[in-house]
Amino acid sequence: MSNASINTLQINLALTKAATDQLQKSLGDFKSDILIQELTPMQKKFGNPKSWNIFSSKSKNAAITIVNRKLQPVIAESKQNLVAVKLQTGKQSTTFISAYNSPYANIEETLKEIQEMITSLKVEPIFIGTDFNGRHTLWGYRDNDARGENVLDFLLANDLYVINRPETPPTFQRHLQGLARFNHLAHKA
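All residue numbers here refer to positions counted from 1 along the written sequence of the relevant chain. The model is predicted, so local features are restricted to residues of pLDDT at least 70 and side-chain atom pairs to those at 80 or more, both for listing and for counting; the totals for chains, interfaces and linings are taken over all residues. Computation of side-chain values covers all heavy atoms of the structure but excludes hydrogens and water.

Participant: Tell me what's going on with the environment of Leu160, and back it up with residues and numbers.
Facilitator: What counts as a helix is a DSSP run of H or I of at least four residues, what counts as a strand is a run of E of at least two, and both are numbered from the N terminus. Along the chain, the position of Leu160 falls in the loop between helix H4 (146–157) and strand S9 (161–162). Remark: the alpha-carbon pair of Leu160 and Ile126, spanning 34 residues in sequence, is separated by 9.2 Å.

Participant: I'd like to hear about the pairing of strand S7 (residues 93–100), residue by residue, with values.
Facilitator: Relative accessibility under 20% of the residue-type maximum defines a buried residue, over 50% an exposed one, and the middle range a partly exposed one, all with a 1.4 Å probe and only protein chains included. Counting buried positions along S7 gives eight out of eight residues, so the element sits mostly inside the fold. A two-sided burial pattern is seen for S7, the buried positions comprising Ser93, Thr95, Ile97 and Ala99 on one face and Thr94, Phe96, Ser98 and Tyr100 on the other. DSSP calls a pair of strands paired once it identifies at least 2 bridges connecting them. As defined by bridge partners, strand S6 (residues 82–88) adjoins S7 across seven bridges and the pair is classed as antiparallel. Within S7, the residue paired with Val85 across the bridge is Phe96. In textbook terms, the turn of a hairpin is the stretch between consecutive antiparallel strands, and for S6 and S7 this stretch comprises four residues, one of which, Gly90, has a positive phi near 100°.

Participant: I'd love a proper account of the nonpolar core, names of residues and values included.
Facilitator: Grouped burial of nonpolar side chains is what soluble globular proteins tend to show. Formed by 19 residues in total, the largest nonpolar core has its most connected members in Ile114, Ile118, Ile128 and Leu160. Elements that contribute at least two residues to this core include exactly S6, S7, helix H3 (107–120), strand S8 (126–131) and H4. It is H3 that provides the largest number of residues to this core, a total of five residues. With sequence-adjacent residues up to four places away left out, Ile114 is seen in contact with Leu82, Ala99, Ile128, Thr130, Phe132 and Phe154. Each nonpolar core is a collection of buried residues, namely Ala, Val, Leu, Ile, Met, Phe, Trp, Tyr and Cys, held together in the definition by side-chain atoms within 4.5 Å. Membership of the second largest hydrophobic core comes to twelve residues, among which are Ile34, Ile66, Leu71 and Val85. Contacts: residue pairs with any heavy atoms within 4.5 Å of one another.

Participant: Describe the pattern of salt bridges, with residues and values.
Facilitator: In what follows, salt bridge is the name for a side-chain nitrogen of Lys or Arg lying within 4 Å of a carboxyl oxygen of Asp or Glu. Using the criterion set out here, one finds four salt bridges in the structure. With a shortest N-O distance of 2.5 Å, Glu116 and Lys79 are connected by a salt bridge. Taken together, the positions of Glu116 in helix H3 and Lys79 in the loop between strand S5 (74–78) and S6 put the pair 37 residues apart, joining distant regions of the chain. On the basis of relative accessible area, Glu116 is assigned to the partly exposed category, the value being 35%. The class of Lys79 is buried, set by a relative accessible area of 16%. Taken together, the salt bridges that share partners define one network made up of Lys79, Lys112 and Glu116.

Laid out in structure tokens, this is it:
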């Protein structure tokens, strides 16, 4: 699959069985080759199709699932809060990173892990899908919080671009906080 595009879906399943059950249909609807997400307790309990190739962080909270069996992933790194996989995408490889940071954990630890991964890469495209649990108007919140500001500083320092589509609805909503876009997609070519 060296010259084909790779369709990537990043989703927050909101810790629910219904959303987890809907996952396979969503992957088909979006014709996804890769799923970048946090692993939910439901997935940990009920699993995923055996044909999927799943790579997870050491904490088992961040995961990259290769749905397209034609892709030949190579694990680049598995750390506490992130997992990185390399795929051949044309003449060079692209590194796909999934990271998760609990709203109760120190965001700096996850940002440090991602920084170490980015620094270790040669000049190649990277694609990062995360759930930082940080709010910022840049990715659809009505306000900013300290975590969101930390993430924005990190994105700017590393020349990363948020590629969330404005027309895409959030995948998780908290009734107390209004709209919540927990999916932060960043790309560096």
